[in-house]
Amino acid sequence: MSQKRHSPAAVPFKLTSRALANGESSAQQQQGQLGERDSKGQTLTAQVPFTPQRASKLSAKQLHLRGKAACLTSKTEVTAQAKLKSPTPGPLTATLSLSELEETAPVSVIEDVLPANLASALLQELSHSGPDWVRGSWWMFGKQHAAPRTSAYFTLPHAEAFDEKTADGAALDVSAEVSRLPASPALVQAAAVIDHLVSERLTTQAAALQPDDRAAWASTYALANFYRDGQECVGAHADKMTLLGPRPIIASLSLGAGRVFRLRPSATAPLHQGREVSFLDIQLQHNMLVIMWPPCQEAWHHEVPRSKGIQRHAISGEGRINLTFRRLKPAWAARAPQCRCNQRSVMRCSSSRPKPKKGSVQSSSGPSTASWLGRPGAGAPDRGNFQPRYYYACDNTQGPGCGFWQELPMQHEPG
Ligand SMILES: O=C(O)CCC(=O)C(=O)O
Ligand SMILES: [Fe+2]
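Residues numbered from 1 in each chain as written. Chains lettered and ligands numbered in written order. Predicted model: local features only at pLDDT ≥ 70, side-chain atom pairs only at ≥ 80, totals over all residues. Heavy atoms only, no water.

1. A few points about the sheet that holds strand β20 (residues 346–351)
Next up, step 1: The strand order β20-β21-β22 describes an open sheet built from three strands, whose pairing is antiparallel. Lying at the two open borders of the sheet, with one neighbouring strand each, are β20 and β22 (405–407). Sheet twist, expressed as the mean angle between neighbouring strand axes with direction ignored, is 30°. (Pairing = 2+ DSSP bridges. Helix = DSSP H or I, 4+ residues; strand = E, 2+ residues; numbered from the N terminus. Axes fitted to C-alpha atoms, helices over the stretch in contact; angles between N-to-C directions.)

Structural data, given as structure tokens:
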């Protein structure tokens, strides 16, 4: 495995936000400081010479503005395609607006999240090193299968706060599966923008959050995937919680080619216009952020399906980089028991999805993730149907494994 070092050279970038042009009072007040409208009245840009040193000083005000601005763009442009199920005749697909999407699934979608030149610089460096990252594997039906993507693990500055033992534990969990690399200045800067944006939005999600996520959120590592072309993908899954603990926040940045991000309910399906949602497709674009709020990992699966004719990007062609920014929780990371293969077991969640009895009518009081997120007006939550069960299991990717399985008694949460 080659470990390319990133040069600390200056990366020029400019702050760009179409959203500012859509007008929002506090954003408009900042206009003079950040830029001007382009000839189509679509884009406000400010030329800000970017050096890694300078970038770390990007003011909280600028970061704040970016979050607000991007949010405005999203509201007018992002939609999701829903595939619906119905026992009665009627449309089986629907286009959801961003706010309908956010009411239906515990996600936020934000366009143009990084300054445009920072996003380009990051795509440039990561799509260059991506083909050299490790191709993970899994064991099924007596055979080892290679993952249809390559992956890397980047440690971020906030990780320094954790002690060595925990850092070791983290390495044990991921090192066999992914390359472990130092974060470049551009990646550190991207993490700062995303941490700020996630922290800013925590207040609207408060009800769903763990106590230690409520004040502010800072990622400690980023997991990266490189998808060479439309044939590379990730199947439906919920992320392992070994390092994160239950109900994690995961902020997922897309760079490069456009792909579909599919969300499928794994607990009771939510309803859209009285019909059960089978899945939701979000068209991911370059520089788009999807924040998966709790209980996304508990109640939904996500995937990036194979696709033909994907939207190419000028820098990476059909190549796509995904970076998921995550926060390692030391108490959880240190807790995972060894399985009988002498490997660290992994923590997952299973959510029971009650099967409707034959002939029964689907009730409209299915669990509303929107209500779990503390948003008003989305119907009463029916937590009775939603019983996440966390467990540790053997995750041997090289052989048949030992079958180790241990359910977590949740009353002993380390927090
Ligand atoms: O590529 C993506 O958008 C998703 C990646 C993902 O789900 C993961 O790394 O766990
Ligand atoms: Fe994932």
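2. Some words on the environment of Leu-271
Next up, step 1: Relative to the elements of secondary structure, Leu-271 occurs in strand β15 (residues 271–272).
Next up, step 2: Distance in space between the C-alpha atoms of Leu-271 and Lys-85 is 9.4 Å, their sequence separation being 186 residues.

3. With respect to the nonpolar core
Next up, step 1: Judged by nonpolar contacts, the single largest core of 37 residues is most densely connected at Leu-114, Leu-122, Leu-253, Leu-323 and Phe-325.
Next up, step 2: Looking at this core, the elements with two or more residues in it are α7 (116–129), β9 (150–155), α9 (185–205), β11 (221–227), β13 (250–256), β17 (288–292) and β19 (320–326).
Next up, step 3: At nine residues, α9 tops the list of elements feeding residues into this core.
Next up, step 4: Setting aside residues no more than four positions away along its own chain, Leu-323 makes contact with Leu-122, Leu-126, Leu-187, Ala-222, Leu-223, Ala-224, Ala-251, Ser-252, Leu-253 and Leu-255.
Next up, step 5: In this structure, Val-109, Leu-223, Leu-243 and Trp-300 belong to the second largest nonpolar core, which totals 36 residues. (Core = buried A, V, L, I, M, F, W, Y, C linked by side-chain atoms within 4.5 Å. Buried < 20%, exposed > 50% of the residue type's maximum accessible area, 1.4 Å probe, protein only. Contact = heavy atoms within 4.5 Å.)

4. Looking at the site of ligand 1
Next up, step 1: Close contacts around ligand 1 come from Asn-225, Tyr-227, His-237, Asp-239, Phe-261, His-302, Val-304, Arg-320, Asn-322 and Arg-326, and that covers them all.
Next up, step 2: Between ligand 1 and His-237 there is a distance of 3.1 Å, counted from an oxygen atom to a side-chain nitrogen or oxygen.
Next up, step 3: Arg-326 has a polar side-chain atom sitting 3.5 Å from an oxygen atom of ligand 1.
Next up, step 4: Here ligand 1 loses 93% of its free accessible area of 300 Å² to cover by the protein chains.
Next up, step 5: Sorting the residues of the shell around ligand 1 by element identifies β11, β18 (300–304) and β19 as the ones contributing at least two each. (Near = heavy atom within 4 Å. Polar contact = N/O pair within 3.5 Å; in protein donor to acceptor, adjacent residues only side chain to side chain. Areas by Shrake-Rupley, 256 points an atom, 1.4 Å probe, with all protein chains shown as cover.)

5. Side note on the pattern of salt bridges
Oppositely charged side chains can form a pair if their charged atoms are brought close together.
Next up, step 1: If you walk through the whole model with that rule in mind, you get 11 salt bridges.
Next up, step 2: With a shortest N-O distance of 3.7 Å, Glu-276 and Lys-85 are connected by a salt bridge. Taken together, the positions of Glu-276 in strand β16 (residues 275–284) and Lys-85 in strand β4 (residues 79–85) put the pair 191 residues apart, joining distant regions of the chain.
Next up, step 3: Classification of Glu-276 by relative accessible area gives buried; the value is 17%.
Next up, step 4: Between Arg-348 and Asp-395 there is a salt bridge, and its shortest N-O distance comes to 3.6 Å. Of this pair, Arg-348 sits in strand β20 while Asp-395 is found in the loop between β21 (388–393) and β22, placing the two residues 47 residues apart along the sequence.
Next up, step 5: You can call Arg-348 partly exposed: its relative accessible area is 28%.
Next up, step 6: Three or more residues joined by partner-sharing salt bridges are found here, namely Arg-135, Arg-228 and Glu-232. (Salt bridge = Lys/Arg side-chain N within 4 Å of Asp/Glu carboxyl O.)

6. Some remarks on the coordination of the iron ion (ligand 2)
Next up, step 1: Only His-237 (NE2), Asp-239 (OD) and His-302 (NE2) from the protein reach the iron ion (ligand 2) as donors, at distances of 2.0 to 2.1 Å.
Next up, step 2: Here the donor residues for the iron ion (ligand 2) map to a single chain with the spacing H-x1-D-x62-H. Here Asp-239, found in the loop between β12 (234–237) and β13, pairs with His-302, found in strand β18; they are 63 residues apart in sequence, far enough to count as distant. As far as burial versus exposure is concerned, Asp-239 and His-302 are alike and both buried. (Donors = N, O, S within 2.8 Å, 3.2 Å for Na, K, Ca; no water.)

7. Details of the packing of aromatic side chains
Next up, step 1: Summed over all chains, the structure comprises three aromatic pairs.
Next up, step 2: Seen from their ring centres, Trp-133 and Phe-154 are 6.0 Å apart, and the 75° between their planes marks the pair as edge-to-face. With Trp-133 in the loop between α7 and β7 (137–140) and Phe-154 in strand β9, this pair connects stretches of sequence that are 21 residues apart. Like Phe-154, Trp-133 is buried.
Next up, step 3: Between the aromatic rings of Tyr-153 and Tyr-221, the centroid separation amounts to 4.6 Å while the plane-to-plane angle is 15°, which identifies the pairing as stacked. A residue pair is termed long-range when its members are at least 10 positions apart, and Tyr-153 in strand β9 and Tyr-221 in strand β11 qualify at 68 residues. (Phe/Tyr/Trp six-rings, centres within 6.5 Å; stacked < 30°, edge-to-face > 60°.)

8. Here we look at the sheet that holds β17
Next up, step 1: Spatial ordering of the open sheet is given by β6-β17-β13-β19-β11-β9-β10, a layout of seven strands whose pairing is mixed. Across the chains shown, the open sheet's two edge strands, defined by having one partner strand only, are β6 (107–110) and β10 (179–182). On average, each strand axis in the sheet is tilted by 20° relative to the strand beside it, whichever way the strands run.
Next up, step 2: Summarising the sheet, β13 and β17 pair through five bridges and their orientation is antiparallel. When the sheet's bridge partners are listed, Ile-250 is paired in β17 with Met-292.

9. Describing unusual backbone geometry
Note: most peptide bonds trans; most residues except glycine with negative phi.
Next up, step 1: Cis geometry marks the peptide bond from Pro-294 to Pro-295; its omega dihedral reads 0°.
Next up, step 2: Here the phi dihedral of Phe-141 falls at roughly 50°; this positive angle occurs in a residue that is not glycine.
Next up, step 3: Overall, the relative accessible area of 75% leaves Phe-141 in the exposed class.
Next up, step 4: One non-glycine residue with positive phi stands out, namely Gln-273, at about 45°.
Next up, step 5: Residue position: Gln-273 is located in the loop between β15 and β16.
Next up, step 6: Residue Gln-273 is classed as exposed on the basis of its relative accessible area, which comes to 65%.

10. Some words on the environment of Asn-225
Next up, step 1: Mapping Asn-225 onto the fold places it in strand β11.
Next up, step 2: Here the side chain of Asn-225 touches Ser-151 through a polar contact of 2.9 Å, side chain to side chain.

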